Amino acid sequence: MIYQDNKVTDLKIAFIGGGSRGWAWTLMNDLARAEDMAGTVYLYDIDRQASQNNAVIGNNFPGENWRYVAAADPAGAMTGADFVIVSILPGTFDEMESDVHAPEAFGIYQSVGDTAGPGGFVRALRTVPMMREIAANVRRYCPGAYVINYTNPMAVCIGALYREFPEIKAYGCCHEVFGTQQLLSHALEEMEGIADVPRQQMNVNVVGVNHFTWFTSAYYQGFDMFEVYRRFVDKYYESGYNRKGTGNWLNDFFATDARVRMDLFRRFGYIAAAGDRHLAEFMDFSDYLYDCRDWAFGLTPVSWRRENLQKRLDKSARLLSGEEVWAMRDTGEEGTLQMRALLGLSTMVTNINVPNKGQITNLPYGTVVETNAAFTRNSLAPVLAGEVPASIYPMIARAAAENDAMLDAAFSLDLSYAREKFAALNLIKTLTRAQKDALFDTMVKNTEKYLGMYRK
């Protein structure tokens, strides 16, 4: 890379999963808006045609700062890279369908199924070997690169990268916290009449594990946002709150009316800082998932994801042919901003996922946690978040332990060992041992083509 006139040029970014029709397009959009960076993005994907298509689409984005190349192999993409971005689908929607829906035969329903519970566990079994290979390639081709992961299960993926290559400079990005900051901004408008406060101006202390994050403090200028939020919850607890209209979750599988977050605030006194669909999977099944419609959120079926993929494939075809031109927008994502800060073009503080080095003082050292971190030139420093408060500690400690159990199971490459860890999952604790074993056997069989390295 070259620094000149407050600009960094000749950057090399490797995008693993470069055929993505989601995160890859988001990156292209955001890089095109970053006028003080320039370079080449190498797109690698096991679906070579998808990465070649994305190279054409990327080179059609406005501006001349970035060039996109479809790499034939990891070496071509990663050798000498300054940044490595990881956004992969571990398996296909067939395997995801089993992750999400196989437990339904045993009365266990999941709203997402990619992080916690039986779905998250089996997804981890097939994802960790992929992450180990990525980490080994980073060590081989670009050991000094920053690795930005978007793949779920986030905490397990980050743990795998560090366990395989302890010197790696990796972290995980998740936008769930952003949505709760935005909810606080809406609460400020509702309760104090102060409108249009950017969510970044909500100063929050983040503790927890990915998709089960909490705010232990929140301020905006002179306002203690806990007191503002308390009044907001009192007003909307029964009806729910959604800027686009309550009940929108009936037609939008990602929408909620924030009732789970509000209930958790009343129960535990701290602000749950992820979406309701994710939060529900870390609680007992009877808390929210069993009556999800009463709590104003839906279960996201894999059939919808298949339909959505077809829409994105159609969009890709239109972008390739020139029938459609990409509409530049503010994506709200921070990956490019983080790269700018690591290059010394700015500074920022935001939430990320990295192994615990004491930033959460009462969770195990080395377990992957989510807190704020300070980004400056060639420095990524987790912010001391302090203790997890007593009222929410047992739940967060349990979630962190389950993440570590998934990681241990995947590194063992032993399905008998994995079976025991699976049986201890909180979300399926109401099942008999025979039911747990039957569910494990079914889910493993459904994803066996990705588990060939495991001993039975």
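See the structure printed just above.
All of the points below concern the structure found in this document. What you see is a predicted model, and the numbers here were worked out from it, not measured in a lab.

## As for the packing of aromatic side chains
Tallied over the full model, the rule gives 21 aromatic pairs. Ring pairing ties together the aromatic residues F226, Y229, F232, Y236, Y241, F265 and Y270, which thus form one cluster. One residue, R199, lies across the ring of F178, its end atom 3.7 Å from the ring centre.

## A word on the environment of V197
Relative to the assigned elements, V197 resides in the loop between α7 (176–192) and β8 (203–209). For V197, a relative accessible area of 6% translates into the label buried. Sequence separation between V197 and V122 is 75 residues, and the spatial gap between their C-alpha atoms is 41 Å.

## Examining the pattern of salt bridges
Pairing is possible between side chains that carry opposite charge, provided their charged atoms lie close to one another. In the structure shown here, the tally under the stated rule is 24 salt bridges. A salt bridge links R306 to D94; its shortest N-O distance comes to 2.9 Å. You can see R306 sitting in helix α11 (residues 302–321) and its partner D94 sitting in helix α4 (residues 93–101), a full 212 residues away along the chain. With a shortest N-O distance of 3.6 Å, E190 and K235 are connected by a salt bridge. Here the residue E190 occupies a position in helix α7, and K235 occupies one in helix α8 (residues 225–236), the gap between them amounting to 45 residues. Taking the relative accessible area as the measure of exposure, E190 reaches 29% and is therefore partly exposed. On the accessibility criterion, K235 (48% relative accessible area) is partly exposed.

## Here we look at unusual backbone geometry
In this model, N152 is joined to P153 through a cis peptide bond whose omega is 5°. If you trace the backbone, P153 turns up in the loop between β6 (146–149) and α6 (154–164). Unusually for a residue other than glycine, D196 sits at a positive phi of about 60°. Within the element layout of this structure, D196 appears in the loop between α7 and β8. What makes D196 exposed here is its relative accessible area of 70%. Even without a glycine there, the phi angle at L413 is positive, about 55°. Counting through the fold element by element, L413 comes out in the loop between α13 (393–412) and α14 (415–423). Overall, L413 belongs to the partly exposed group, its relative accessible area being 23%.

## Re α14
Listing the buried residues of α14 in full gives L415, A418, F422 and A423. Within α14, the buried residues cover an arc of 135° as seen down the axis, which keeps them to one side. Elements that come into contact with the buried residues of α14 comprise α5 (117–141), α13 and α15 (433–446). A distance of 2.9 Å separates the backbone nitrogen of S416 from a side-chain oxygen at the start of α14, and that oxygen is part of D414.

## Considering the nonpolar core
It is characteristic of soluble globular proteins that their nonpolar side chains tend to be buried jointly. Among the nonpolar cores identified, the biggest contains 111 residues, and V84, L125, F212 and W214 are the most heavily contacted of them. Setting aside chain neighbours within four positions, we find V84 in contact with A14, I16, M78, C142, A145, Y146, V147 and I148. If you look at the next biggest cluster of nonpolar residues, it comprises 37 residues, including V41, A70, L319 and V354.

## Side note on the side chain of N353
Locating N353 in the fold gives a position in strand β12 (residues 348–355). Side-chain polar atoms of N353 contact the side chain of E370, separated by 3.3 Å. Setting aside anything within four residues of it in sequence, one finds N353 in contact with M154, I158, Y171, G172, C174, N210, V368, V369 and E370.

About the thresholds
Residues numbered from 1 in each chain as written. Predicted model: local features only at pLDDT ≥ 70, side-chain atom pairs only at ≥ 80, totals over all residues. Heavy atoms only, no water. Phe/Tyr/Trp six-rings, centres within 6.5 Å; stacked < 30°, edge-to-face > 60°. Lys NZ or Arg CZ within 6 Å of the ring centre and 35° of its normal. Helix = DSSP H or I, 4+ residues; strand = E, 2+ residues; numbered from the N terminus. Buried < 20%, exposed > 50% of the residue type's maximum accessible area, 1.4 Å probe, protein only. Salt bridge = Lys/Arg side-chain N within 4 Å of Asp/Glu carboxyl O. Arc of directions from axis to C-beta. Contact = heavy atoms within 4.5 Å. Polar contact = N/O pair within 3.5 Å; in protein donor to acceptor, adjacent residues only side chain to side chain. Core = buried A, V, L, I, M, F, W, Y, C linked by side-chain atoms within 4.5 Å.

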